[in-house]
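Overview (structure and organization)
Spelled out, the chains give:
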Amino acid sequence: MKRSGLSTFRPQIARLERRLFLKQGLSLGALSLLSGCTLKDDDAVDRLLFAMSRFNDKMQAALFDPAKLAPTYTEAEIATPFPFNAYYEEKDVPRIDSETYRLRLSGLIADKRPWSLSELRALPQASQITRLVCVEGWSAIGKWRGVLFRDFLERIGADLTARYVGFRCADKYYSSIDMPSALHPQTLLALDFTDAKYGDPLRLRIPTKLGFKNPKFIHEIFVANDYPGGYWEDKGYNWFSGS
Ligand SMILES: Nc1nc2c(c(=O)[nH]1)N[C@H]1C(S)=C(S)[C@@H](COP(=O)(O)O)O[C@H]1N2
Ligand SMILES: [Mo]
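Here the structure is a predicted model, which is why all the values come from computation and not from measurement. (Residues numbered from 1 in each chain as written. Chains lettered and ligands numbered in written order. Predicted model: local features only at pLDDT ≥ 70, side-chain atom pairs only at ≥ 80, totals over all residues. Heavy atoms only, no water.)

With that out of the way, let us pick up the nonpolar core. Membership of the largest hydrophobic core comes to 29 residues, with the highest contact counts inside it found for Leu103, Phe149, Phe152, Val165 and Ile221. Looking at this core, the elements that each hand over two or more residues are helix 4 (117-121), helix 5 (149-155), strand 4 (164-169), helix 6 (179-182), strand 6 (188-192) and strand 8 (218-224). Contact partners of Leu103, with chain neighbours within four places excluded, come to Pro114, Trp115, Leu120, Phe152, Leu202, Ile218, His219, Glu220 and Ile221. Grouped together as the second largest cluster of nonpolar side chains are twelve residues, Leu188, Ala190, Ala196 and Phe217 included. (Core = buried A, V, L, I, M, F, W, Y, C linked by side-chain atoms within 4.5 Å. Buried < 20%, exposed > 50% of the residue type's maximum accessible area, 1.4 Å probe, protein only. Helix = DSSP H or I, 4+ residues; strand = E, 2+ residues; numbered from the N terminus. Contact = heavy atoms within 4.5 Å.)

Moving on, we come to the sheet that holds strand 3 (residues 138-148). Read from one edge to the other, the open sheet built from four strands follows the order 2-3-6-7, with strand pairing classed as antiparallel. Only two strands of the sheet have a single partner each, and these edge strands are strand 2 (126-134) and strand 7 (203-205). Between one strand axis and the next, the sheet turns by 60 degrees as a mean value, whatever way the strands run. As paired elements, strand 3 and strand 6 share four bridges and run antiparallel to each other. (Pairing = 2+ DSSP bridges. Axes fitted to C-alpha atoms, helices over the stretch in contact; angles between N-to-C directions.)

With that out of the way, let us pick up the site of ligand 1. Not every one of the 19 residues close to ligand 1 is listed here, only the nearest: Pro83, Asn85, Asp171, Arg203 and Lys216. Between ligand 1 and the protein, one listed contact pairs an oxygen atom with a backbone N or O atom of Tyr87 at 3.2 Å. Arg203 places a side-chain nitrogen or oxygen 2.9 Å from an oxygen atom of ligand 1. In isolation ligand 1 exposes 530 Å². Once the protein is present, 99% of that is buried. (Near = heavy atom within 4 Å. Polar contact = N/O pair within 3.5 Å; in protein donor to acceptor, adjacent residues only side chain to side chain. Areas by Shrake-Rupley, 256 points an atom, 1.4 Å probe, with all protein chains shown as cover.)

So, about the packing of aromatic side chains. One pass over the full model with this rule turns up 16 aromatic pairs. Ring plane angle 70 degrees and centroid distance 5.8 Å describe the contact between Tyr164 and Tyr227, whose orientation is recorded as edge-to-face. One end of the pair, Tyr164, is in strand 4; the other, Tyr227, is in the segment after strand 8, with 63 residues separating them in the sequence. Judged by centre distance (6.5 Å) and plane angle (70 degrees), the ring pair of Trp239 and Phe240 falls under edge-to-face. For Trp239, a relative accessible area of 6% corresponds to the buried category. Of the residues examined, Phe240 reaches a relative accessible area of 3% and is grouped as buried. Clustering of aromatic rings is evident, with ring pairs tying together Tyr87, Tyr88, Tyr173, Phe212, Tyr231, Trp232 and Tyr237. The positively charged end of Lys209 is found above the aromatic ring belonging to Phe240, 3.4 Å away from the centroid. Geometry around Trp232 places Lys235 over its ring, the cationic atom sitting 5.9 Å from the centre. (Phe/Tyr/Trp six-rings, centres within 6.5 Å; stacked < 30°, edge-to-face > 60°. Lys NZ or Arg CZ within 6 Å of the ring centre and 35° of its normal.)

Here we have four strands laid out as an open sheet, ordered 1-8-4-5, and mixed in their pairing. In this open sheet, the two strands that pair with only one neighbour each are strand 1 (104-107) and strand 5 (174-178). Strand after strand, the sheet turns through a mean of 20 degrees between neighbouring axes, direction not considered. The sheet contact formed by strand 1 and strand 8 spans four bridges and is parallel.

So, about the environment of Ala158. Relative to the helices and strands, Ala158 is located in the loop between helix 5 and strand 4. Beyond its immediate stretch of four places on either side in the chain, Ala158 contacts Leu108, Ile109, Leu153 and Val223.

Geometric values such as these leave the question of function open.
Take a look at the structure:
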C-alpha cells in the first residue's frame, strides 16, 4: 500500500483502523492485503467503509440471536433526568397534537387503517427498564412502556417474511430495522413518556440496537423488501448496529 498518499486522510483512516481493530482484530495493512485495495484517496476510503459496513450488516444479521435478551435494570438505576439527543436542539422538538395524531401504515401490511393514540393505548401494554446506548459515547438507563412491536405487526397483518420495517418521523428523521429484530420480544412501540420523556407521541424502543435505531416522533411505519436506509445510516453509520 502506498502510505504517502494517505496523509491527508489521516483522521478518517485512524478511525477506520480503530474500528477494524476493535471489531475484527484487523489492522488496515491486513485489510488492504485482504481486499487488494489501495486506499489512495478519500473516495476509495469511503467506498471501502461502505462496503465493509454492508458486509458487517450481513454478518451481524447472521449472528443475531432472536432469543437473546438485552440486560434489564431496576427502578433505582433509571437516569434522572434522562438525556435528550437529536440532530437538533431540544427546544426544536416537533410538537404533535395527540387528539388528531394518526399513525400511518404502508407497504406490505394487510390492514393499513391508521391508528389513533387511544386505540394504541387500548392494546395490551408492556414495560421495560433497559439501557439506551448512543454512538456518540454516552448511555442511559430508562423505562419505556407501550405495545410489543411483534403483537402490533401481527395485528395489522404485516408480512412477517419481509426483510425490513421502516419508520418516518415528524422531524426529518427516518430509520429502518431488520424483521427478526422487529419481532424480538423486547422491541416496543413506546407510548408513555413519563420516565424516559423523549419521542412523544410514539417511539420505537429497541434495546438490542444502538440509540439512533430508536426513532422518536414516529408518524408512519412501513414494511418492505427494498432497503430503506435511515437518516444516520445514509450518512455512513452501520445499518444493523446491534448493541
Ligand atoms: N425522530 C428522531 N428520532 C431519533 C433521533 C432524532 O434526531 N430524531 N435521534 C436518535 C439518536 S442518535 C438517539 S441516541 C436517540 C436519543 O433518544 P433520547 O432523546 O430519548 O435520549 O434517539 C434517536 N431517535
Ligand atoms: Mo445517538
